[in-house]
Structure formats: structure tokens, C-alpha cells
Amino acid sequence: MTAPTPAPGNDAPPPGGTTHGTAATAAAPTPAGAPAPLPGGSGGPAPGRATRGATGRGGALVVWRRYRGGLICLGILLVAAITLAALGSGSRHGRLDPRSADPDGSRAVAELLQAHGVTTRVVTSAREAAAAAGPGTTVLVTDPDRLGDTQRRTVRSVIDLSGGRTVLLAPSALSLHDLAPAARTKGAALDRDLDPVCTLAAAVSAGRATTGGGYRYTTGAATGTGCYPTDGHPTLLVLPSGTTGGDTVLLGSESILLNKELASEGNASLALQLLGSRPELVWYLPSLTEVQDEDPGQQKSLFELVPRGWGWALLQLFFAAVLAALWRARRLGPLVTEKLPVAIRASETTEGRARLYRKAGARDRAATVLRAATRERLAALVGVPPTQAHEPAALLPAVSARLTDAHRDLTALLFGTTPDDDAALVALADHLDALEREVRTS
């Protein structure tokens, strides 16, 4: 099978037909197992390529030397990111978690309660909270609105039967209907510190506190006690439960339990008295399985589910990848020519390309390249502009005028179809050679 006109080299064939002869010769079948000829007529493999092909260690060494700086930096960043994530994932927890020392955590409250003899137990399901509840416990539900119907019924049984205290943090109308039907929300409260303005001992003792910024409540129950009002409606509401000695506390804002707000005003005193009235505190943090199915807006996104430590690790890896890409990217600017380390003969290029065409069975491509190259050379010989070299109406009359046999079918030769087999392709190359020689010598 043949190949296109060879690129210029140190032994590029002269005009006059050598090109087609070389291509046709290269396209001819090669005996099985015979090595391809190399520059200079040597039948053996080139020493440099034979060495690289014989062992992969040399290639790996070259890659390591070229990219070792980037690989080392990437490895260091990867190890550092994994280490930071591993260290941070064990010490960081979610919002309102009594094990978390983050600004939005609640470890400070848990430690204050422990110092006053109150034990804190963290649970993640309503069933665990109900099992641990009793007259001597306070059950804190950190996010009532996230609970599904089953979990709300379980918490309601705790409120009605345990005889202890149940504290609901910022419940809205979504959960109040099931957990505290005697109470209703009255809109949002201004985010500010409020005065108790009530007779509840815990509120009077604590004084001014940060209970604003959440919900306000109202109740039709005659025995309910409301404190820290804003615009006439309390942000802290205490309701008695059905069991003697038990009560339910509605706290419109979670601010007094956060580490960052605990030291403000009387927040620490109020939190300690609301959560420490019993010797045991059950801290209920609803898990993902407790999320209400009916409200898709409460679902967390993928990035919110990733632990905070791992989020920082992924961010570092992203920036490392961007820096590595910028470092290894091609530099902007004009192309710069440089000498090749090895001079490749034009004949070797022609033969190599022809073998690739023959292996792929690309007779159509080989024939197209042969005809296009011949048309371009013929156009230069007969005075046809290069832009019209591939137009039959412009090229064929000019070529026919230089031939002795004016009736020859040049259309099939220069613009014909794909040869049926390799023999027809070789014949096409010979006819194109003969045509070009005749035009040159005419």
C-alpha cells in the first residue's frame, strides 16, 4: 500500500517518479518476522530504541526525573490532607453537639452540667431517647422539626408518660401540632437580648438572656408560664405535662446553648437551670434516618453530609490539583523550532506510513494522498494555479495538452475511485508516475 509524499528529509527523493516507486515498494507485503529496514541500510534495530524497548526501568526513570518535583509535592499535600482530616474528624462534631468545641457546638454547657453533677448522654434516635427517659431525666430535642411522624409520636409519649422534663429547641408549627398542641407560634422574634418579665425561678435567677432570634409562642393553657417576651409573646414557654412533676419547655432560640453565646448575659445560668433540673440529661441529636421524609427541603446536600475535616482535605486536594495543572501546563507564547535529536530519512518516513496504511487496509486514504500529491505537482508543471490544482475543469485540459495521447482517460486516473485491492493500488501508483514523467519530458 502506498503513502503520501514524504516530508523533506536529508535524502528526500528527487522529482521524477521516485516517490511513487518507494511508496509502492513499501506497500508490498513484507515476509513474516522480517524487521523493517532502518536508515543507512542496516537490518538490525537501532541501538537507542532497542535499549528502551528491552526494559521499562529506563523509561520509568526518565518519567521520575522529569516529574519528581510535582510528584513529591503532590504526595506531601496528600499526606498532609489525610492527616488533617483524620485528626479533625475525631474532634469535630455537628451543631449543638455536646462533644463539639466549635463556636456552634455545646461542649461548654455539657461541662458546666457535669461540674454540677448532671450526666449527659447523647442519643441519635427517638427510640433511644424514650428508653432513657424517666422522672429523673431531662430530654433535650435539638431539632424537633426534622423528626418524622413516627419519631414525633415517640417523643410525645416521653412528654406524656416519663414524668421528667422535655426541652424542645426552636420548634415551629410543623412539629408543635404533634409535640405540644396547646402551643402555637406567633412569628419570629427579634435577634436581641431580652428580659425575663415572668415569675419562673430559673428565668428570674438568670436575668437578661439571648433568647431572641427564633420563634415566639402563645398558649391557651391556663397553667403555662411564658418568659422573655418580645412584642407581647414569650420566647420561652413552660407547659405542664400529663404526668405529675413533668413539664415541657419550648425554647424559641438555641443561642443560649452555643459555645460562642454561653458567656453572654445570663445565658449560662439559664441553660444550666433549664437542663440541670434533673440528675441526668438525655441529649437527643436526630440522625439522618430521623429526617422527615415529607419535607424534601430538610434534606441535606452531599457536601453537608461530608464531615468538616474531610471537606478541608478535599478543598486542599482541589487546590493542589489546580496548581499542578498550572505548573505542568504548556506555556503560552509563539512556537519555537528546535532541531530533532535524531534525523529521520524521508524514505523511512514514507515506508513507515505505507506500512501503517497497509496494516489498517486504508487503500482509500492512500489512493487519495497519491492522487492529491500528483495533481499538485502536475499543476505546477502545466501552469495551473495551486488553488485550482484539484479542480478537474482547470487541471485536466492543461495536462491533456502536454500529452501525445489526448484521448487518455485522465479523470479516472487523477479523480477516480478507490482501488479494489493492493495490486490495483500499486498499479495506480505506477500510472501516476508514468503520467508525471511524460508531462515533465513533454
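Look above for the structure.
The following paragraphs examine the structure supplied in this document. Quick caveat: nothing in here was measured; it's all calculated off a predicted structure. The numbering scheme is per chain: residues are counted from 1 as the chain's sequence reads. Predicted model: local features are reported for residues with pLDDT of at least 70 only, side-chain atom pairs are reported and counted for 80 or more only, and whole-chain, interface and lining totals are derived from all residues. Heavy atoms from the whole structure form the basis of all side-chain values; hydrogens and water molecules are not counted.

1. Points about the pattern of salt bridges
Pairing between side chains becomes possible if they bear opposite charge and their charged atoms approach one another. Think of a salt bridge as a Lys or Arg side-chain nitrogen and an Asp or Glu carboxyl oxygen that are within 4 Å of each other. Scanning the entire structure with this criterion turns up 12 salt bridges. For R95, the salt bridge identified is with E254, shortest N-O distance 2.5 Å. With R95 in the loop between α3 (57-91) and α4 (107-115) and E254 in the loop between β8 (247-251) and α9 (267-275), this pair connects stretches of sequence that are 159 residues apart. A 1.4 Å probe rolled over the protein chains alone gives each residue an accessible area, and that area as a share of the maximum for its type sets the label: buried under 20%, exposed over 50%, partly exposed in between. The exposure class assigned to R95 is partly exposed, which follows from its relative accessible area of 43%. Taking the shortest distance from any N to any O, the salt bridge between D160 and R156 comes out at 3.0 Å. In this pair, D160 and R156 both sit in helix α6 (residues 149-161), four residues apart, roughly one turn of the helix. R156 sits in the partly exposed class, given a relative accessible area of 27%. Secondary structure is summarised from DSSP: a helix means a run of H or I of at least four residues, a strand means a run of E of at least two, and numbering begins at the N terminus for each.

2. So, the packing of aromatic side chains
Each Phe, Tyr or Trp ring, with Trp reduced to its six-membered ring, pairs with another whose centre is within 6.5 Å; inter-plane angles below 30 degrees give stacked pairs, above 60 give edge-to-face pairs, and intermediate values give tilted ones. According to the stated counting rule, one finds one aromatic pair in the structure shown. When the ring of F318 is compared with that of F319, the centres are 5.7 Å apart and the planes differ by 65°; the resulting orientation is edge-to-face. For F319, a relative accessible area of 48% corresponds to the partly exposed category.

3. Quick word on the pairing of strand β7 (residues 233-240)
Most of β7 is tucked away: six of the eight residues are buried. Two strands are counted as paired when DSSP detects at least two bridges linking them. In this antiparallel pair of consecutive strands, strand β6 (residues 225-230) and β7, the connection spans two residues, and D231 shows a positive phi of 55°. The loop that links β7 with its antiparallel partner β8 comprises six residues; one of these, G245, has a positive phi angle of about 90°.

4. Side note on the nonpolar core
Here, nonpolar core means buried Ala, Val, Leu, Ile, Met, Phe, Trp, Tyr and Cys residues that are tied together by side-chain atoms lying within 4.5 Å of each other. L140, Y228, L236, L257, L270 and L275 are the most contacted members of the largest nonpolar core, which totals 30 residues. Elements represented by at least two residues in this core include exactly α4, β3 (165-169), α8 (201-206), β6, β7, β8, α9 and β9 (280-284). Looking at which element gives the most residues to this core, the answer is α9, with four residues. For L257, the residues in contact, after removing those within four places along its chain, are L96, G105, S106, V109, L140, L169, A271 and L275. The contact rule is simple, with two residues in contact once any of their heavy atoms fall within 4.5 Å.

5. Details of helix α13 (residues 363-382)
Multiplying 1.5 Å by the helix residue count minus one yields the expected span of that helix. With 20 residues, α13 should reach 28 Å at 1.5 Å per residue; the first-to-last C-alpha distance of 28 Å fits that figure. Count one or two residues on from α13 and you reach G383, which has phi positive near 85°.

6. Section: the side chain of D145
By secondary structure assignment, the location of D145 is in the loop between β2 (137-141) and α6. This count recognises Lys and Arg as positive and Asp and Glu as negative, with His and chain-terminal groups excluded. No salt bridge is formed by the buried D145, whose closest oppositely charged neighbour, R152, lies at an N-O distance of 5.6 Å. Distance and chemistry together define a polar contact, namely a pair of N or O atoms within 3.5 Å, with one atom able to donate a hydrogen and the other to accept it when in protein, and with adjacent residues in sequence counting only for side-chain atoms on both sides. Among the polar contacts listed, one links the side chain of D145 to the side chain of S172, at a separation of 2.7 Å.

7. Structural notes on a nonpolar patch on the surface
On the surface, L61, V63, W64, Y67, L71, I72 and I76 cluster together into a nonpolar patch covering about 630 Å² of accessible area. Inspection of the secondary structure puts I76 in helix α3. Residues forming no salt bridge and having over 30% relative accessible area are the ones grouped into patches, like charges within 9 Å of each other and nonpolar side chains (Val, Leu, Ile, Met, Phe, Trp, Tyr) within 5 Å. For the accessible areas, the method is Shrake-Rupley and the probe is 1.4 Å, while residue cover comes only from the protein chains on display.

8. Points about the packing of α13 against helix α16 (residues 422-441)
Geometrically, a packed helix pair is captured by the angle between its two axes and the distance between the axes. Two elements in contact, α13 and α16, have axes whose closest approach is 10 Å; the angle formed by their N-to-C orientations is 5°. The orientation of α13 with respect to α16, classified from their angle, is roughly parallel. Touching R363, A366, A367, L370, R371, T374, R377, L378, L381 and V382 of α13 are D422, L425, L428, A429, L432, L435, E436, V439 and R440, all from α16. When residues are grouped by polarity, Ala, Val, Leu, Ile, Met, Phe, Trp, Tyr, Cys and Pro land in nonpolar, Asp, Glu, Lys and Arg in charged, and all others, Gly among them, in polar. For the contact of α13 with α16, the per-class residue count stands at 12 nonpolar, one polar and six charged. Lines fitted to C-alpha atoms define the axes, with helix axes restricted to the stretch in contact, and inter-axis angles between N-to-C directions lie between 0 and 180 degrees. Each angle receives one of four descriptions, namely roughly parallel if under 35 degrees, roughly antiparallel if over 145, roughly perpendicular if within 65 to 115, and oblique otherwise.

9. Considerations on the environment of W310
With respect to the element layout, W310 can be found in helix α11 (residues 308-328). Put simply, W310 and A81 are 229 residues apart on the chain and 8.3 Å apart in space, counted from C-alpha to C-alpha.

10. Some details on the sheet that holds β6
Sheet architecture is open: seven strands sit in the order β1-β9-β2-β3-β8-β7-β6, paired in mixed fashion. Of all the strands in the sheet, the pair left with one neighbour each is β1 (119-123) and β6. In this sheet, neighbouring strand axes are inclined to one another by 15° on average, regardless of whether the strands run parallel or antiparallel. For β7 and β8, the ladder comprises five bridges, and the chain directions are antiparallel. Opposite L237, over in β8, you have L250 as the bridge partner.

11. Remarks on the packing of α4 against α9
Orientation of α4 relative to α9, taken along the N-to-C sense of each, is 60°, at an axis distance of 10 Å. By the criterion of interaxial angle, the relationship of α4 to α9 is oblique. In this structure, the crossing between α4 and α9 has a hand that is right-handed. Together, V109, L112 and L113 of α4 and A268, L272 and L275 of α9 make up the contact between the two elements. Crossing handedness follows the turn of the near helix against the far one: under a right angle anticlockwise gives a left-handed crossing, and clockwise gives a right-handed one.

Function-wise, these values are silent; they only describe arrangement.
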